[in-house]
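Breakdown of the fold
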Amino acid sequence: MNIPANSNTASHLAHAGADSEWESRYQNGDTPWDKGLPHPALVRWLSHSDITGRVLVPGCGSGHDVRAIAQKKTTKVVGMDIAPSAIRAASTFPAVGHESYILGDFLTGDALGLGPFDWLFEHTCFCAIRPDRRADYTREAAKALKPGGFLLAVFFMNPENSDPNSPPFGSSSSELDELFLPSFQKIDFQTAIPTYAGREQLEHLVLFQKR
Ligand SMILES: C[S@@+](CC[C@H](N)C(=O)[O-])C[C@H]1O[C@@H](n2cnc3c(N)ncnc32)[C@H](O)[C@@H]1O
């Protein structure tokens, strides 16, 4: 497991535990989001378009998306997660390229010492954080990327269990535009994307470029 160079490990773990239930979900094996495969829309993207250079995957879980991107040998991919057990699980997979996994809180600047990045891939991290922290997400995404860097995102728009008090938290296109367009321009937007069974029509793929 890699630990961010700028962190005190013990306080980091304490903060992670205080901030989320994610670690206990992993410890209890209660991870229904983990399909054992990278997101199908990412797989399709990689089959026809490029992702190159330094790549960050915040909220990487056990790292399926990280490894899919790392198979492109032109990338160096960092998966970050706030849950130590997710990072441990990701680290058990054999390396496929230049990938690494870092314990850290994306919302509080832990990606900064690791970048700047050319690309950021978002998949079920944004919907996992409380809506009142979304401005923190957009700020950190913009800070982590180089000028002109790309944010490729699969946004979970309308989770069936949109309990206002627990993730996954839904989004609307207008809310995403309001949050991201001050720092990014929208390059691509797709609604009919391949996905896992059960998530059909619930996600949008968006490519943003940092201004
Ligand atoms: C719904 S899971 C998705 C995991 C992975 N993207 C996948 O699809 O398998 C959300 C993940 O985001 C992580 N997470 C939540 N808040 C985070 C934060 N502030 N910084 C980094 N990771 C975070 C959780 O620990 C969890 O692994």
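Residues numbered from 1 in each chain as written. Predicted model: local features only at pLDDT ≥ 70, side-chain atom pairs only at ≥ 80, totals over all residues. Heavy atoms only, no water.

**Observations regarding the layout of surface pockets**
Looking at the largest pocket, its volume works out to about 1100 Å³. Around the largest pocket, the lining comprises 47 residues; the ones closest to its centre are W22, W33, T124, A128 and P167. Put simply, the parts of the chain that give the lining of the largest pocket at least two residues each are α2 (22-27), α4 (64-70) and β2 (75-81). Examining the composition of the lining of the largest pocket, we find that 3 residues originate from one element, α2, more than from any other. Looking at the lining of the largest pocket, its residues break down into 23 nonpolar, 12 polar and 12 charged. (1 Å grid on protein atoms, 1.4 Å probe; cavity = no way out; pocket = protein on both sides within 12 Å on 5 of 7 lines; lining within 4 Å. Points joined across faces, edges and corners; volume = space filled by probe spheres on them. Helix = DSSP H or I, 4+ residues; strand = E, 2+ residues; numbered from the N terminus. Nonpolar A, V, L, I, M, F, W, Y, C, P; charged D, E, K, R; others polar.)

**Some details on the side chain of K210**
Mapped onto the secondary structure, K210 falls in strand β7 (residues 203-210). Here K210 sits buried without a salt bridge, and the closest side chain of opposite charge, E140, lies 11 Å off (N-O distance). Within the local environment of K210, its side chain forms a polar contact with the backbone oxygen of L145, the two atoms lying 2.7 Å apart. If we skip the residues at most four places from it in the chain, K210 touches A142, L145, K146, P147, G148, G149, S183 and F184. (Buried < 20%, exposed > 50% of the residue type's maximum accessible area, 1.4 Å probe, protein only. Lys, Arg positive; Asp, Glu negative; His and termini not counted. Salt bridge = Lys/Arg side-chain N within 4 Å of Asp/Glu carboxyl O. Polar contact = N/O pair within 3.5 Å; in protein donor to acceptor, adjacent residues only side chain to side chain. Contact = heavy atoms within 4.5 Å.)

**A few points about the sheet that holds strand β6 (residues 184-190)**
Across a sheet, paired strands are connected by hydrogen bonds in the backbone, their directions being either parallel or antiparallel. What the 7 strands build is an open sheet, ordered β3-β2-β1-β4-β5-β7-β6; its pairing is mixed. Unpaired on one side and paired on the other, β3 (98-103) and β6 mark the two borders of the sheet. Geometrically, the sheet is characterised by an average inter-axis angle of 20 degrees between neighbouring strands, direction not taken into account. Bridge analysis of strand β1 (residues 53-58) against strand β4 (residues 117-123) gives 2 bridges, and the strand direction is parallel. (Pairing = 2+ DSSP bridges. Axes fitted to C-alpha atoms, helices over the stretch in contact; angles between N-to-C directions.)

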